[in-house]
Amino acid sequence: MKKSHPIRRTLLATAATVSGIVLLLSLKPASDPAGSVQAGAAGGAPSAQGGVAAGAQTLTGTAVQTDYGPVQVRITVDGGKITQADAVQKPSGGRSTQISNDAVPKLNQAAVAAGNADIDAVSGATYTSDGYKKSLQSALDQAGSAQGSGGQGSGAQTLTGTTVQTDYGPVQVRITVAGGKITKAEAVQKPSGGRSTQISGTAIPKLNQAAVAAGSADIDAVSGATYTSDGYKQSLQSALDQAG
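Overview of the structure. Just so you know, these numbers come straight off a predicted model, no measurement behind them. Starting from 1, residues in each chain are numbered consecutively following that chain's sequence as written. Totals for whole chains, interfaces and linings use every residue, but because this is a predicted model, local features are given only for residues with pLDDT of at least 70 and side-chain atom pairs only at 80 or more, for both listing and counting. Each side-chain value is derived from all of the structure's non-hydrogen atoms; neither hydrogens nor water enter the calculation.

1. Observations regarding the pattern of salt bridges
Salt bridges are defined as contacts in which a side-chain nitrogen from Lys or Arg sits within 4 Å of a carboxyl oxygen from Asp or Glu. Tallied over the full model, the rule gives two salt bridges. Between Lys 106 and Asp 102 there is a salt bridge; the shortest N-O distance is 3.5 Å. With a gap of four residues between them, Lys 106 and Asp 102 both fall in helix α3 (residues 95-114), about one helical turn apart. Between Asp 130 and Lys 134 there is a salt bridge whose closest N-O contact spans 3.3 Å. Placement of both Asp 130 and Lys 134 in helix α4 (residues 126-151) is noted, with a separation of four residues, approximately one turn of the helix. Remark: exposure states derive from per-residue accessible area (1.4 Å probe, protein chains only) relative to the maximum for the residue type, with buried under 20%, exposed over 50%, and partly exposed in between. By relative accessible area, which is 37% here, Asp 130 ends up partly exposed. A helix here means a DSSP run of H or I that spans at least four residues, while a strand means a run of E at least two residues long, and both kinds are numbered starting from the N terminus.

Structure representation (structure tokens):
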């Protein structure tokens, strides 16, 4: 009996393997295309969720003056819920620093848990707690205003910038943005007292007008009100940063 040549045996085995693969592919279940559609649909879900996440708003409340210093709260709202809360200003110095460090994290946590400003005061930090709640409510009011306007199709947002301390007092700007433009600007805090009141009374209206006209914080300082103008522009920019 002749012995099979080793090369021939290898070729026959290879041919058999290829034939088997072809046969399996031809018998692939018809349900696979449906599986591909389901996979495609599942792949689309993250995009939709990403759209929701992109709708998050970062809003800064007004700075509330307390007997121990200003309190100002910044929140992130997503899907109608507070997802993050921080105090960008809080009483500091001496005993106040210790009280703030203890109370503010508790207030932040309570704000996220409650989803509103109806939170309990922290024991031993009554003034800080009260200021926190007022600033938190003002930030929530901005979110409500933006949502209500959005429902009407205008998409307007009311945003408050951070409080900027100047040599003559704090400056804080609030703007309304609609259609990518500043439609209104005002100073919710401005230097006051003595000569500062007169300077603010002259400079602020001009700065408000310039902000609306420019649509940005790239505006000229008002002559004779350099510090106020600089603080205004910084607070205005922080409000614009929130609008994105």
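On we go.
2. Description of α3
For an α-helix, the turn length of 3.6 residues means that residues three or four places apart are oriented alike. Along its 20 residues, α3 runs 28 Å from first to last C-alpha, staying within 8% of the 28 Å computed at 1.5 Å per residue. Two axes enter the definition of the bend at a residue: one is fitted to the seven residues ending there, the other to the seven starting there, and the bend is the angle between them. Along α3, the largest kink reaches about 25° and is centred on Asn 101; proline Pro 105 follows within four residues of it. Where α3 is concerned, the buried positions are Ser 96, Ser 100, Ala 103, Val 104, Leu 107, Asn 108 and Ala 111. Immediately beyond the C-terminal end of α3, within one or two residues, lies Gly 115, with a positive phi of roughly 75°. Here a helix's expected span is defined as the number of its residues, less one, multiplied by 1.5 Å.

3. A word on the environment of Val 71
Within the fold, Val 71 resides in strand β3 (residues 69-78). Measuring from C-alpha to C-alpha, the distance between Val 71 and Gly 61 comes to 9.3 Å, with 10 residues separating the pair along the chain.

On their own, these measurements won't tell you what the molecule is for.
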